[in-house]
Amino acid sequence: MSADLTKLSDEAQSLARIPLFKRLEPHELEHLAEDVDQVNYKAGETIFNEHDLGDGLYVVETGSVRIWVMDEDVNEVTLAELKPGDFFGELAVLDRGERSSSATTLTDTHLHKLSSDAFQQFLIEHPDASIDVICEIAQRMRQTNLLVSKRAARNINVQMDENATIGQRIADRVAEFGGSWTFIIIYVSFLVAWMSFNTFVLVHYGGGPEGKQFDAYPYILLNLMLSMTAALQAPIIMMSQNRAATKDRLAAEQDFKVNLKSELMLEELIRKQRVRDAQMDQLNRALAALAKSQ
């Protein structure tokens, strides 16, 4: 085979080095080379954008390409970085729909471009290559599903704690301590000690009928301190409760997003499976027709 390759055109020899076309015979490579266009892009250029109409399959000859999408937070999410020998843009070619992602070059890149009609005809004539394409699509779908599941399963508590202000952190600590048995025991002990000290201890020291009491019954100073504590503690606890309510709301929204993404992914898988089944049926019919003709 290698001896035959030296007799091929430069384009056919270039195609022979690509794994997708490795099973082709020399004459098939020459025939395919007639349908392939050569395109070049500078680093950072856009090959196509998401939702563009799929007009062809691309195979990387030299350079590298980044496949990415824009998420709901308007951030670019990289799905894959393709190297020489990799292909992309096959989904929109197979179902003749819109591009499901965007493609941008990372370095100066040389690509082979195969039109939609030529690529589908190539798959019909070469079932082995069709299996390779299906396996590659399945592998990329697994990677994409893993990426989506990781991004969907974000920890709301960790994110809110990272973005919390100093006041919010203090409010959470005060609310956490104020709602514990430790606080109750300390506070009750302080009240009992305060009243006992003023009622039983200081009353026995001279200086008047009430001794040296600084807060005699009905403990006006103690009541003032209790009122001030309650007045300050109430809004702080409400601040913490508001943060807890925000966490619950965000958690509910996150659960909804996860469920929605799961449903969309399931629908997309079912749709793609139907497309693949139709393509496999078409390939089987083509193979049966070829077998009968032979």
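Here's a quick rundown of the structure.

Rules used throughout
Residues numbered from 1 in each chain as written. Predicted model: local features only at pLDDT ≥ 70, side-chain atom pairs only at ≥ 80, totals over all residues. Heavy atoms only, no water. Helix = DSSP H or I, 4+ residues; strand = E, 2+ residues; numbered from the N terminus. Contact = heavy atoms within 4.5 Å. Areas by Shrake-Rupley, 256 points an atom, 1.4 Å probe, with all protein chains shown as cover. Patch = residues over 30% accessible without salt bridge, like charges linked within 9 Å, V, L, I, M, F, W, Y side chains within 5 Å. Salt bridge = Lys/Arg side-chain N within 4 Å of Asp/Glu carboxyl O. Buried < 20%, exposed > 50% of the residue type's maximum accessible area, 1.4 Å probe, protein only. Pairing = 2+ DSSP bridges. Core = buried A, V, L, I, M, F, W, Y, C linked by side-chain atoms within 4.5 Å. Phe/Tyr/Trp six-rings, centres within 6.5 Å; stacked < 30°, edge-to-face > 60°. Lys NZ or Arg CZ within 6 Å of the ring centre and 35° of its normal. Polar contact = N/O pair within 3.5 Å; in protein donor to acceptor, adjacent residues only side chain to side chain. Axes fitted to C-alpha atoms, helices over the stretch in contact; angles between N-to-C directions.

**Focus on the overall build of the protein chain**
Here is step 1 of the chain: Looking only at helices and strands, the protein chain has 10 helices and 8 strands in total.
Here is step 2 of the chain: Considering only intrachain contacts with a sequence separation of at least 6, the fraction spanning at least 24 residues in the protein chain is 70%.
Here is step 3 of the chain: For the protein chain, the computed accessible surface area is about 18100 Å², with 59% contributed by carbon and sulfur atoms.

**Digging into a nonpolar patch on the surface**
Here is step 1 of the chain: On the surface, a nonpolar cluster with roughly 640 Å² of combined accessible area is contributed by F190, F197, F214, L221, L224, M225 and M228.
Here is step 2 of the chain: Counting residues per element, the nonpolar patch draws most heavily on helix α10 (residues 220-293), at 4 residues.

**Here we look at the environment of A164**
Here is step 1 of the chain: In this structure, A164 sits in the loop between α7 (156-163) and α8 (166-178).
Here is step 2 of the chain: Using a relative accessible area of 12% as the deciding quantity, one classes A164 as buried.
Here is step 3 of the chain: Distance in space between the C-alpha atoms of A164 and R243 is 9.5 Å, their sequence separation being 79 residues.
Here is step 4 of the chain: Other than its neighbours up to four places away in sequence, A164 contacts R169 and R243.

**Thoughts on the sheet that holds strand β8 (residues 109-115)**
Here is step 1 of the chain: The strand order across the open sheet formed by 4 strands is β1-β8-β3-β6, and the pairing between neighbours is antiparallel. The sheet is open, and its two edges are formed by β1 (36-41) and β6 (87-88), each paired on a single side.
Here is step 2 of the chain: Strand direction decides the pairing type here: strand β3 (residues 56-62) and β8, joined by 6 bridges, are antiparallel. Along β8, the bridge assignment pairs L57 with L114.

**Let's talk about the pairing of β8**
Here is step 1 of the chain: In terms of residue burial, β8 counts as a mostly covered element, since 6 of its 7 residues are buried.
Here is step 2 of the chain: Looking at chain direction, β1 and β8 are connected through 6 bridges and run antiparallel. Among the inter-strand pairings, Q38 is bridged to a residue of β8, identified as H112.

**Concerning the nonpolar core**
It is characteristic of soluble globular proteins that their nonpolar side chains tend to be buried jointly.
Here is step 1 of the chain: Counting residues in hydrophobic clusters, the biggest one holds 25 residues, and the most contacted among them are L15, F21, L32, F119 and F122.
Here is step 2 of the chain: For this core, the secondary-structure elements that each account for two or more residues are α2 (10-16), α3 (26-35), β3, α4 (90-95), α5 (116-125) and α6 (127-152).
Here is step 3 of the chain: Once you skip the residues sitting within four places of it in the chain, L32 turns out to touch L15, F21, L24, L114 and F122.
Here is step 4 of the chain: In this structure, V39, Y41, I47 and V60 belong to the second largest nonpolar core, which totals 12 residues.

**A closer look at the packing of aromatic side chains**
Here is step 1 of the chain: With the rule as written, the count across this model stands at 6 aromatic pairs.
Here is step 2 of the chain: With 6.0 Å between their ring centres and 35° between their planes, F48 and Y58 make a pair best called tilted. Here F48 is found in strand β2 (residues 46-48), whereas its partner Y58 is found in strand β3, with 10 residues between them in sequence. A single burial state applies to F48 and to Y58, both of which are buried.
Here is step 3 of the chain: Aromatic side chains F177 and F183 sit 5.6 Å apart centroid to centroid with 75° between the ring planes, which places their arrangement in the edge-to-face category.
Here is step 4 of the chain: F183 gets classed as buried once you look at its relative accessible area, which sits at 17%.
Here is step 5 of the chain: Aromatic ring contacts, followed pair by pair, group F48, Y58 and F88 into a single cluster.
Here is step 6 of the chain: Across from the ring centre of F48, 4.1 Å away, lies the NZ or CZ of R99, which sits over that ring.

**Comments concerning the side chain of E61**
Here is step 1 of the chain: Note that E61 resides in strand β3.
Here is step 2 of the chain: The buried category is assigned to E61, whose relative accessible area is 17%.
Here is step 3 of the chain: Within polar-contact distance, the side chain of E61 engages the side chain of H112 at 2.9 Å.
Here is step 4 of the chain: Residue contacts for E61: discarding those within four places in its chain leaves S14, R17, I18, P84, H110, L111 and H112.

**Details of the sheet that holds strand β7 (residues 102-105)**
Here is step 1 of the chain: Within the open sheet, the 4 strands sit side by side as β2-β7-β4-β5. Their pairing is antiparallel. Bordering the open sheet on either side are β2 and β5 (76-82), each of which pairs with just one other strand. Strand-to-strand twist across the sheet, computed as the mean angle between neighbouring axes with direction ignored, equals 30°.
Here is step 2 of the chain: In this sheet, β7 lies alongside strand β4 (residues 65-70) in antiparallel orientation, the contact comprising 4 bridges. Pairing of I67 across the sheet is with A103, part of β7.

**Details of the pattern of salt bridges**
Here is step 1 of the chain: A complete count under the given rule lists 2 salt bridges for this structure.
Here is step 2 of the chain: Here the residues in one salt-bridge network are D55, R99 and K113, joined through shared partners.

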